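Here are the chains, one letter per residue:
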Amino acid sequence: MRKLFSIMLAMAAFPVLAHPYPQPRPGMSTQTSDATTTYVNTGTSPLPLFQNQLAYVQSNIFDGYGLEMPNTLPSTPTTQFNLHDGPVQITAIDATSPTDDLKAALNAVLKAAENGIVDQASIQNGLDILEGNPIPGKTYSGFAVLHYTAGERVKAVTPIYDAAGTLIGGNVDVHQIWYDNHVECDTALLDISAVKTVPWTVTYTIDVLNAGADDFSPFVMYWDDPTLSMPGMPPMPHVAMDATFYPMSDGKRHVIKLKHAPGKYYNLTYSWGWRIHPPRVQAMENAGKKVGTNPDGTPKTLVQWETSVFGTNPRSSEAAKLAAIAKLGDLAPDKRMWQALRSAKTATNSQVVALMQDALVSFSDWTDRTRLPRGVTADPNADVTLFFVGNTIYGNAKTFNNWKGRGSVFKATLLNGDNFDHAYVNVDFGGSRGWEPQFQYGSGPGGSHTFGRVHWWMNTAFPLDSITIPAPAAGGAPTQRKVQITLNYDSPERISLYQFDPLHHDVAVFSLH
């Protein structure tokens, strides 16, 4: 009873538009379904019409209790990178990317076969790139092109204590590679349980390979204090922000240490690549987040979702690797390249020529997730068709142009080509609850897209797996689910609709501007 009273008191203290305190929250979305379609009706924005831009406030954010959340002010007029913990370290690296070497391997195998030779070395090189096997001398060594390794890419924040043994912070080291339309990360799931009560840092090592130059803008999403939610309910959406907006160049390693609010608020971090968007993005999820239940009825963590599909250590043996890759759908462009290379190992020269010609078509599909790969037909009656395959998402649109005001309807057709279930979530970044511009200093076209700070909200309803697209039958066509969302708020400024798979997040993301 005392806890309930304190919650009510805290919520009553800041009930009005009082940024940087929590912004008013609309009602939860309602959701109904029939045999083919899920219909979502979002809560109505509490903001006045066309007034979702908030004034800049040079202050940290406050939680629902009125307590200041340290490390939530990304920039000020005089401090460009307010959340940086120390100077950025920049060194030169080999910028050769998986795209460069994979294309070269496919062409080498093709040319050799045309000359009567099966080039086993180039075949294995292509497989090593796709599978993420160690490749000496390559900056990207160990980063798999095929997305089957998230269950082993789990890290924990290491706590830091002072001389008296008092917990004062923590840090985790994260390694990313950026190239073409890819952001790949050695951390898909982050355990923050050791630093729930203290601020902490992430030390990013970012290797920018060929065609990867961009502004580093990790978008950190925070919940409100979890104790403000009733027992059994998830924390309430609160605020999110680009923690920095730092320009990066090809052929450079950037080591950037960023400060975060106490771990109890942490939801996840998106690393955005605004110059090639929507596909250049990767999500580092809170490993402790729970969605649905295990067969024994216990809550299922995101780590368990990954390991239940791909195994606990999919690269521990050849058998484990093959079993994990088998979960990826055969229409995935990267898997089609993998299958072609494996078949080429025991094929005749003429067969290898045909296999590599097919693989090069798949290579072209893999390089652009803003169009559907071959063999997949778009729904002409949808605003976007999203194809979940290869544990990522391909789509056929970059924008949503039919947002004409409150009450506009968004239609998405969801296709699942993988051999496991996917789910669909749609999130609003500031349209219904407001967003605040931040000072940013990125160079180039990406600089105009910084989110600043936004008060985010869920469009689709809880639980996070309320919209699922089941796996197709063995050997069958992709399964389909349609979603129709009535948007009862004004369009956000920076990004219209953010869509992702909450069960296997990582790179399974597709946004619309």
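Residues numbered from 1 in each chain as written. Predicted model: local features only at pLDDT ≥ 70, side-chain atom pairs only at ≥ 80, totals over all residues. Heavy atoms only, no water.

Asks: Would you mind going over the overall build of the protein chain with me for this structure?
Replies: Secondary structure assignment for the protein chain yields seven helices and 31 strands. Taken over the C-alpha trace, the protein chain has a radius of gyration of 23 Å; the compact-globule value for 513 residues is 24 Å, and the two agree within 12%. Taken over the C-alpha atoms alone, the protein chain extends approximately 80 × 60 × 50 Å along its principal axes. Of all 513 residues assigned to the protein chain, the portion counted as buried reaches 57%. Restricting to contacts in the protein chain with at least 6 residues of sequence separation, those with at least 24 account for 75%. Accessible surface computed for the protein chain: about 19100 Å², of which carbon and sulfur atoms make up 55%. In the protein chain, 38 positive and 45 negative side-chain charges are present, and the distance between their average locations comes to 2 Å. (Helix = DSSP H or I, 4+ residues; strand = E, 2+ residues; numbered from the N terminus. Rg over C-alpha atoms; globule rule 2.2 N^0.38 Å. Buried < 20%, exposed > 50% of the residue type's maximum accessible area, 1.4 Å probe, protein only. Contact = heavy atoms within 4.5 Å. Areas by Shrake-Rupley, 256 points an atom, 1.4 Å probe, with all protein chains shown as cover. Lys, Arg positive; Asp, Glu negative; His and termini not counted. Charge placed at Lys NZ, Arg CZ, Asp CG, Glu CD.)

Asks: Got a minute to help me understand helix H4 (residues 302–310) in this structure?
Replies: The periodicity of an α-helix, 3.6 residues per turn, causes residues three or four positions apart to be oriented the same way. Those residues of H4 that fall on the buried side of the exposure criterion are Leu 302, Trp 305, Glu 306, Val 309 and Phe 310. Looking straight down H4, one finds that the buried residues subtend no more than 100° of arc, so they occupy a single side. (Arc of directions from axis to C-beta.)

Asks: How do you make sense of the environment of Met 356 when you look at a structure like this?
Replies: Within the element layout of this structure, Met 356 appears in helix H7 (residues 349–366). As for Met 356 and Asp 215, which are separated by 141 residues in sequence, their C-alpha atoms are 35 Å apart. When residues no more than four places from it in sequence are discounted, the contact partners of Met 356 are Leu 106, Val 109, Leu 110, Ala 340, Leu 341 and Ala 344.

Asks: Please clarify how the packing of helix H2 (residues 98–114) against helix H3 (residues 120–131) should be interpreted in this entry.
Replies: Axis angle and axis distance: for two packed helices, these are the angle between their axes and the distance between the axes, and together they describe the pair. Where H2 meets H3, the axes come as close as 8 Å, and the angle between the chain directions of the two elements is 150°. Judged on the interaxial angle alone, H3 and H2 are roughly antiparallel. Handedness of the H2/H3 crossing: left-handed. On the side of H2, the interface is formed by Pro 98, Asp 101, Leu 102, Ala 105, Ala 108 and Val 109, while H3 contributes Ser 122, Ile 123, Asn 125, Gly 126, Ile 129 and Leu 130. In terms of residue class, the contact of H2 with H3 is built from eight nonpolar, three polar and one charged. (Axes fitted to C-alpha atoms, helices over the stretch in contact; angles between N-to-C directions. Parallel < 35°, antiparallel > 145°, perpendicular 65-115°, else oblique. Left-handed = near helix turned anticlockwise from the far one by under 90°. Nonpolar A, V, L, I, M, F, W, Y, C, P; charged D, E, K, R; others polar.)

Asks: Before we go on, may I ask you to explain the side chain of Thr 301 in this structure?
Replies: Tracing the sequence through the fold places Thr 301 in strand S19 (residues 299–301). You can call Thr 301 buried: its relative accessible area is 17%. In this structure Thr 301 touches Ala 287, Lys 289 and Lys 290, once residues within four positions along its chain are discounted.

Asks: How should unusual backbone geometry be read in this particular structure?
Replies: Excluding glycine, residues mostly have negative phi values, and the peptide bonds linking residues are mostly trans. Going from Phe 462 to Pro 463, the amide bond is cis rather than trans, its omega being 0°. Along the chain, Pro 463 turns up in the loop between strand S27 (456–458) and strand S28 (468–469). Even without glycine at this site, Asn 391 takes up a positive phi of about 60°. Judged by its relative accessible area of 5%, Asn 391 falls in the buried class. In this structure, Asp 506 is a non-glycine residue whose phi angle is positive, near 45°. Here Asp 506 shows up in the loop between strand S30 (497–500) and strand S31 (509–512). Looking at Asp 506, the relative accessible area reads 8%, which means it is buried.

Asks: Explain the nonpolar core here, please?
Replies: The tendency in soluble globular proteins is for nonpolar side chains to be buried as a group. In terms of nonpolar packing, the biggest core is built from 45 residues, with Leu 130, Tyr 148, Met 337, Met 356 and Trp 366 touching the most fellow members. If you list the elements that add at least two residues to this core, you get H2, H3, strand S8 (167–179), H4, helix H5 (318–325), helix H6 (333–344), H7 and strand S20 (384–389). If one sorts the elements of this core by residue count, H7 sits on top with six residues. With residues up to four places along the chain from it excluded, the contact list for Met 337 reads Leu 102, Leu 106, Leu 130, Ala 359, Ser 362, Phe 363 and Trp 366. Val 208, Met 241, Tyr 265 and Met 284 belong to the second largest nonpolar core, which has 33 residues in total. (Core = buried A, V, L, I, M, F, W, Y, C linked by side-chain atoms within 4.5 Å.)

Asks: When you look at the packing of aromatic side chains in this model, what are you seeing that I'm missing?
Replies: The description of two aromatic rings rests on the distance between their centres and on the angle between their planes. By the definition in use, this model includes 19 aromatic pairs. Between Tyr 21 and Phe 62 the ring centres are 4.4 Å apart and the planes differ by 25°, which places this aromatic pair in the stacked class. With Tyr 21 in the loop between helix H1 (2–13) and strand S1 (30–33) and Phe 62 in strand S3 (residues 61–62), the pair connects residues that are 41 residues apart, well separated along the chain. Using a relative accessible area of 22% as the deciding quantity, one classes Tyr 21 as partly exposed. Given the relative accessible area of 15%, Phe 62 is considered buried. With a centroid separation of 5.2 Å and 70° between ring planes, the pair formed by Trp 403 and Tyr 489 is classed as edge-to-face. Here the residue Trp 403 occupies a position in the loop between strand S21 (392–395) and strand S22 (408–416), and Tyr 489 occupies one in the loop between strand S29 (479–487) and S30, the gap between them amounting to 86 residues. For Trp 403, a relative accessible area of 12% translates into the label buried. Of the aromatic side chains, those joined through ring pairs into one cluster are Phe 219, Tyr 270, Trp 272, Phe 429, Tyr 498 and Phe 500. Over the ring of Trp 305 we find Lys 300, and its NZ or CZ is 3.9 Å from the ring centre. (Phe/Tyr/Trp six-rings, centres within 6.5 Å; stacked < 30°, edge-to-face > 60°. Lys NZ or Arg CZ within 6 Å of the ring centre and 35° of its normal.)

Asks: When you look at the pattern of salt bridges in this model, what are you seeing that I'm missing?
Replies: Side chains that differ in charge, positive against negative, can pair when their charged atoms come close. For the structure on display, the rule yields 19 salt bridges. Residue Asp 330 pairs with Lys 335 through a salt bridge whose shortest N-O separation is 3.0 Å. By relative accessible area, Asp 330 is classed as partly exposed at 45%. Residue Asp 379 is joined to Lys 482 by a salt bridge in which the shortest nitrogen-to-oxygen separation is 3.5 Å. Residue Asp 379 is located in the loop between H7 and S20, and its partner Lys 482 is located in strand S29; the two are separated by 103 residues in the primary sequence. Residue class for Asp 379 comes out buried when judged on its relative accessible area of 15%. Members of the salt-bridge network, linked through shared partners, are Asp 358, Asp 365, Asp 368, Arg 371 and Arg 374. (Salt bridge = Lys/Arg side-chain N within 4 Å of Asp/Glu carboxyl O.)

Asks: I'm lost on the pairing of strand S16 (residues 266–272) in this one. Help?
Replies: Each regular strand carries side chains that alternate between the two faces of the sheet. In terms of burial, S16 is a largely internal element, seven of the seven residues being buried. Here strand S12 (residues 214–223) runs beside S16; their pairing, made up of six bridges, is antiparallel. If you follow Pro 218 over to S16, its bridge partner there is Ser 271. Bridge analysis of S16 against strand S17 (residues 281–286) gives five bridges, and the strand direction is antiparallel. Paired with Trp 272 across the two strands is Val 281, which belongs to S17. (Pairing = 2+ DSSP bridges.)

As far as function goes, none of this settles anything; it's purely spatial.
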